[in-house]
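Geometric and topological summary
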Amino acid sequence: MPETQDPHVTPSEPSKFVYDFTEGNRDLKDLLGGKGANLAEMTNLGLPVPPGFTITTEACKVYLDSGQEPAALRAEVSRHLEALEATMGKKLGQADNPLLVSVRSGAKFSMPGMMDTVLNIGLSDASVSGLAQQAGDERFAWDSYRRLIQMFGKTVLGVDGDLFEEALEEAKQAKGVRVDVDLDAADLKNLVGQFKDIVSKETGRDFPQEPREQMDLAVRAVFDSWNTDRAKLYRRQERIPGDLGTAVNICSMVFGNLGPDSGTGVAFTRDPASGQQGVYGDYLQNAQGEDVVAGIRNTVPLADLEGIDKPSYDELMHIMETLETHYKDLCDIEFTIERGKLWMLQTRVGKRTAGAAFRIATQLVDQGLIDEAEALQRVNGAQLAQLMFPRFDENAKTRQIGRAIAASPGAAVGKAVFDSYTAVKWSRSGEKVILIRRETNPDDLNGMIAAEGILTSRGGKTSHAAVVARGMGKTCVCGAEELEVDTKRRCLTAPGGIVVEEGDVVSIDGSSGKVYLGEVPVVPSPVVEYFEGRMHAGADDADELVKAVHRIMAYADRVRRLRVRANADNAEDAARARRFGAQGIGLCRTEHMFLGERREMVERLILADNDDDREVALGGLLPLQKADFVELFEAMDGLPVTVRLLDPPLHEFLPDITELSVRVALAESRKDANENDLRLLQAVHKLHEQNPMLGLRGVRLGLVIPGLFAMQVRAIAEAAAERKNAAKGDPRAEIMIPLVGTVQELEIVREEAEQVIAEVEQARGVDLKLTLGTMIELPRAALTAGQIAESADFFSFGTNDLTQTVWGFSRDDVEASFFTAYLEKGIFGVSPFETIDKDGVGSLVRSAAEAGRATRPDLKLGVCGEHGGDPESVHFFHEVGLDYVSCSPFRIPVARLEAGRAAAESRGSDSR
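Residues numbered from 1 in each chain as written. Predicted model: local features only at pLDDT ≥ 70, side-chain atom pairs only at ≥ 80, totals over all residues. Heavy atoms only, no water.

Describing the sheet that holds strand E31 (residues 884-887)
Spatially, eight strands are ordered E24-E25-E26-E27-E28-E29-E30-E31 in a closed barrel, and the strand pairing comes out parallel. The sheet shows a mean angle of 30° between the axes of neighbouring strands, direction not considered. Against the sheet, helix H28 (residues 743-764) engages strand E27 (732-737) and strand E28 (771-776), with an angle of about 150° to E28. (Pairing = 2+ DSSP bridges. Helix = DSSP H or I, 4+ residues; strand = E, 2+ residues; numbered from the N terminus. Axes fitted to C-alpha atoms, helices over the stretch in contact; angles between N-to-C directions. Contact = heavy atoms within 4.5 Å.)

Points about the pairing of strand E17 (residues 475-478)
Judged by which residues are buried, E17 turns out to be covered on both faces: Thr475 and Val477 on one side and Cys476 and Cys478 on the other are all buried. Direction of pairing for strand E13 (residues 405-408) relative to E17: antiparallel, over a ladder of three bridges. Residue pairing in the sheet places Ala406 in a bridge with Val477 of E17. In the sheet, strand E16 (residues 453-456) pairs with E17 via three bridges, with the strands oriented parallel. Residue Leu455 lies in a different strand from E17, and its bridge partner there is Val477. (Buried < 20%, exposed > 50% of the residue type's maximum accessible area, 1.4 Å probe, protein only.)

Some points on the nonpolar core
With 129 residues, the main nonpolar core has Phe358, Leu384 and Val549 as its most contacted residues. For Leu384, the contacting residues outside a window of four places in its chain are Phe358, Val527, Phe531, Val549, Met553, Pro893, Val894 and Leu897. Listed in part, the 59 residues of the second largest apolar core include Phe17, Val77, Val156 and Ile198. (Core = buried A, V, L, I, M, F, W, Y, C linked by side-chain atoms within 4.5 Å.)

Let's talk about a nonpolar patch on the surface
The grouping of Leu703, Val704 and Ile748 at the surface amounts to a nonpolar patch, some 260 Å² of accessible area in total. For Val704, the position within the fold is in helix H26 (residues 699-704). (Patch = residues over 30% accessible without salt bridge, like charges linked within 9 Å, V, L, I, M, F, W, Y side chains within 5 Å. Areas by Shrake-Rupley, 256 points an atom, 1.4 Å probe, with all protein chains shown as cover. Salt bridge = Lys/Arg side-chain N within 4 Å of Asp/Glu carboxyl O.)

Notes on the pattern of salt bridges
Taken as a whole, this structure holds 60 salt bridges when the rule is applied. Between Lys61 and Glu58 there is a salt bridge, with the nearest N and O atoms lying 3.4 Å from each other. Placement of the pair is Lys61 and Glu58 together in helix H2 (residues 57-66), with a separation of three residues, close to one helical turn. Looking at Glu58, the relative accessible area reads 26%, which means it is partly exposed. Shared partners join several salt bridges into a network, and the residues in it are Arg139, Asp143, Arg146, Arg147 and Asp180.

Topic: the packing of aromatic side chains
Inspection of every chain in the model, using the stated rule, returns 20 aromatic pairs. Relative to Phe335, the ring of Tyr283 has its centre 6.0 Å away and its plane inclined at 5°; by these criteria the two rings are stacked. Of this pair, Tyr283 sits in strand E7 (residues 277-285) while Phe335 sits in strand E9 (residues 331-338); the two residues are 52 residues apart in sequence, bridging distant segments of the chain. Phe335 sits in the buried class, given a relative accessible area of 1%. Taken together, a centroid distance of 5.8 Å and an interplanar angle of 65° make the contact between Phe876 and Phe877 edge-to-face. A single burial state applies to Phe876 and to Phe877, both of which are buried. Among the aromatic residues, those joined into a cluster by ring pairs are Trp807, Phe809, Phe818, Tyr822 and Phe828. Here the basic side chain of Arg565 rests over the ring of Tyr884, its NZ or CZ set 3.8 Å away from the ring centre. (Phe/Tyr/Trp six-rings, centres within 6.5 Å; stacked < 30°, edge-to-face > 60°. Lys NZ or Arg CZ within 6 Å of the ring centre and 35° of its normal.)

Topic: the sheet that holds strand E15 (residues 433-437)
Strand order across the open sheet formed by eight strands is E12-E22-E21-E14-E15-E16-E17-E13, with mixed pairing between neighbours. The outermost strands of the open sheet, each flanked by one partner alone, are strand E12 (400-403) and E13. Neighbour-to-neighbour, the strand axes of the sheet open up by a mean angle of 30°, direction not taken into account. Taken strand by strand, helix H16 (residues 420-428) contacts strand E14 (411-417) and E15, and its axis lies near 110° from that of E14.

A few points about the packing of helix H13 (residues 354-366) against helix H20 (residues 544-559)
Where H13 meets H20, the closest approach of the two axes is 9 Å, and the angle between their N-to-C directions is 70°. When the interaxial angle is binned, H13 and H20 end up roughly perpendicular. Between H13 and H20 lies a crossing of left-handed hand. Counting all contacts with H13, which are made through Gly355, Phe358, Arg359, Ala361, Thr362, Val365 and Asp366, the residues of H20 involved are Glu544, Leu545, Ala548, Val549, Arg551 and Ile552. Residue classes in the contact of H13 with H20 are distributed as seven nonpolar, two polar and four charged. (Parallel < 35°, antiparallel > 145°, perpendicular 65-115°, else oblique. Left-handed = near helix turned anticlockwise from the far one by under 90°. Nonpolar A, V, L, I, M, F, W, Y, C, P; charged D, E, K, R; others polar.)

Some words on the side chain of Arg437
Assignment of secondary structure puts Arg437 in strand E15. Residue classification places Arg437 among the buried residues on the basis of a relative accessible area of 18%. Residues within four places of Arg437 in sequence aside, it is in contact with Phe418, Asp419, Asp444, Leu455, Thr456, Ser457, Val485 and Thr487.

Quick look at unusual backbone geometry
Phi angles above zero are rare outside glycine, and Arg239 is one such case at about 55°. Tracing the backbone shows Arg239 in the loop between helix H9 (229-238) and strand E5 (246-252). We classify Arg239 as partly exposed; its relative accessible area is 39%.

Considering helix H7 (residues 185-203)
Spacing of three or four residues puts side chains on the same side of an α-helix, whose turn is 3.6 residues. The end-to-end C-alpha distance of H7, which contains 19 residues, comes to 27 Å, matching closely the 27 Å that a straight helix rising 1.5 Å per residue would cover. Of all the positions in H7, only Ala185, Leu188, Leu191, Val192, Phe195, Ile198 and Val199 are classed as buried. Down the axis of H7, the buried set is contained in an arc of 125°. They therefore lie on one face. Along H7, exposed side chains directed more than 90 degrees from the buried face belong to Ala186, Asp197 and Lys201. Those residues of H7 that are buried lie in contact with helix H5 (138-155) and helix H6 (161-175). Put simply, Asp184 is the residue that caps the front of H7, since its side-chain oxygen is 3.2 Å from the backbone nitrogen of Ala186. (Expected span 1.5 Å × (residues − 1). Arc of directions from axis to C-beta. Polar contact = N/O pair within 3.5 Å; in protein donor to acceptor, adjacent residues only side chain to side chain.)

Considerations on a negative patch on the surface
A contiguous patch of negative charge on the surface is contributed by Asp160, Asp162, Glu166, Glu170 and Glu202. With three residues, the single largest contributor to the negative patch is H6. (Lys, Arg positive; Asp, Glu negative; His and termini not counted. Charge placed at Lys NZ, Arg CZ, Asp CG, Glu CD.)

Notes on the side chain of Ser408
With respect to the helices, strands and loops of the structure, Ser408 is situated in strand E13. Among the polar contacts made by the side chain of Ser408, one reaches the main-chain carbonyl oxygen of Lys474 at a distance of 2.8 Å. Sequence-distant contacts of Ser408, defined by excluding residues within four places in its chain, comprise Thr353, Ala469, Arg470, Lys474, Thr475, Cys476 and Gly510.

Points about the state of the cysteines
Summed over the entire model, instances satisfying the criterion amount to zero disulfides. The cysteine Cys478 is free of any disulfide, with Cys476 supplying the nearest cysteine sulfur at 3.5 Å. Summary of cysteine pairing: Cys864 is not part of a disulfide, and the nearest cysteine sulfur, belonging to Cys887, is at 11 Å. (Disulfide = S-S within 2.5 Å.)

Regarding the confidence of the model for the protein
For the protein, mean pLDDT is 89; residues scoring 70 or higher make up 94% of the total. A low-confidence stretch, residues 1-11 (pLDDT under 50), is modelled with 19 contacts involving residues beyond four sequence positions or located in other chains. (pLDDT = per-residue confidence, 0-100.)

Side note on the environment of Ala733
Position of Ala733 among the secondary structure elements: in strand E27. We classify Ala733 as buried; its relative accessible area is 2%. On a C-alpha basis, the gap between Ala733 and Ala174 in space is 81 Å, while along the polypeptide they are 559 residues apart.

Section: helix H12 (residues 310-327)
The terminal C-alpha atoms of H12, which comprises 18 residues, lie 26 Å apart, in line with the 26 Å expected from a rise of 1.5 Å per residue. Structurally, H12 contributes buried residues whose contacts are with helix H1 (29-44), strand E6 (263-270), E7, helix H11 (305-308), E9 and strand E10 (341-349). At the exit of H12 stands Lys328, carrying a positive phi of roughly 55°.

Below, the structure is given as structure tokens:
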């Protein structure tokens, strides 16, 4: 950091940018980042944490905004460094007894491997001998120095990391050894010289020898790493805001590479893959922390530490229990043992698989650490959706070629690829791929996102691949040591000489760790079988995961206010939706009933050029529509069924204009033209529109085609009457008019519909209690909702079309043409068709709901667009006071869960 900067602190700058570990706590994550806040919390708990201090996220924000560190930062860092030196009894980088520090990133939300870390800051040509004398181990000192140059060169100076790796590999080959721990002090000293030459050649400057310069440059590099491409990509993937910045943690070094009585490891208080209690983690003797996460050397299970260093193992087990009880959750812990002394370097609430999330939540309830409301907040709809994906068929004929560590569950099938660029390229062309690497690093993030699953031959459950895959819900198997991965030849060799070339199909099982050649068939997940009623959660042989899901879903259903309906167009979908917990149908699209063999009848209606022909065509459709509704009302007996009258433009029911024109032209050339084809072609031309989705569709069809909506209303009414009279059922039909833009349209259709309903009620001697409402899917409808509510019993927000019309997007066009660029540039955090645009579309939903209820307090409000099954959108719909959401049958459990979470979250906010 420059010594001289503007001495004037702007009024907006905080007065304090640096906190000692003794000053913070876990509630200061916004300021200290997750790592700094938790280091402070462990310090407060009296756990063995190396002394250090944290530079706040506010300092990072100033730097990112202005390109310079805050004016007061250097002096503040100096004061805290002097205090740290006094505590440790040595000075940073001094020749005879050097203090070394690590410089680590630490954002509010965990971003594993996405930002930068540099260890051993303070080592130089002058101090390496002092470190050797201090440790009594010359090899350790030179190993630490080469690590510093390698990390600093790649992270801070931007040198290609492969250059250092290649030099290291050459040194091992020259020595005739396979692992770096077999290199002696002379080898490492020579390697340091080579590394310094690489830095000088690649950067045009020597490796910095002044310790404070090393630290300042490393801090700046950590700030800069917030905006690297990989960090921005990860934030978009995980929906982490881009304006949070990262804290920087400067911590006195403790060394795991001092010999066999030292080491480093990562531990979990429960298995992050399954949720089971036990001893889970990895340990690596004579190593520094990055070796474990990088997966460069294969670790041993944490349980082996008991035989290696029992006092440290026992202390670690006690600390793990303390942390889990304190945080009331699964904790992820990084530690180092320095010559038999245990040090805690990090803890955080650990990432976990979807299944583990549900199991752990219910386990913690049973232990009395959390209540059901908190358990509900510990899981989410995305995790539940993941649990509903299929799994491999255990009875299928397979060809297993290897077994790895099961790092992140799931069943993934795809073509083998050996680098991230190919994974992304093939994925974009529609191929499903499995990314195969020796080990992954943060630069592989693009490929990991694109792949169906990840396979590595090195590393364990705490490696970069495993941690990132679990966070993304991506299938992953790691540490497949028997599989030889050759990324240069782009192939994998399995025992028995089996070679998997790039493009060959492989299957990986993230639950068992098994690797198969070829495609393995899948079967439904037990969670889906539970929702469909084929597995009872109370049965003795019920899956533990199913029991956990059942308990949390039961609580979500008890507390939620939002009801959940289904989008279903036939009895089969309706029955399945009901099994999944649907409380009615929120959208039955009648146009789907006009397809297939019935298309010819619709063609007759379109071609009718007089009232008689039109009546004949409508008369043919009436009994078919009625039969469909009878089946639907039977499947949903006692629950509301919202039937949307015909919505799409009529050209969708006619042959393609190009195909029909060619057919007619060929027939005319043969002088055997078909009269019906000629009339159809005329109709197609007549109905052709430049923008049909904004043309003759929805309510406009009902107003310009006499009898169309009346026929549909009659079919609904007669089906309801039949169900009520003959079957003694309880049909609850709701008739919905689409694409209304003004109350006058609704008034005309409503008057006609009420007349038809009255005729049926009188003829059948029954009171049907049918309601009539409208979709709110045009901005004008939302803006005049107060007027429209005068003629509506209910509103259903059609957020798909509302999003299109608010944004001016044609969904079918824009998603393929420029949405990818918008997402990459950060214009969208997520597609507005996936999650409701709260500021634009959401604002109209909110104001329309308020205006509608102001006119008609008992107005029923729902949503039937795809957003009805999106977790984040469900929370918004709860907030604005809708009565129900409607979504596809498969998404109903997700919507139920999120509706419960929204209600529990609101109660928690109210109580605070």
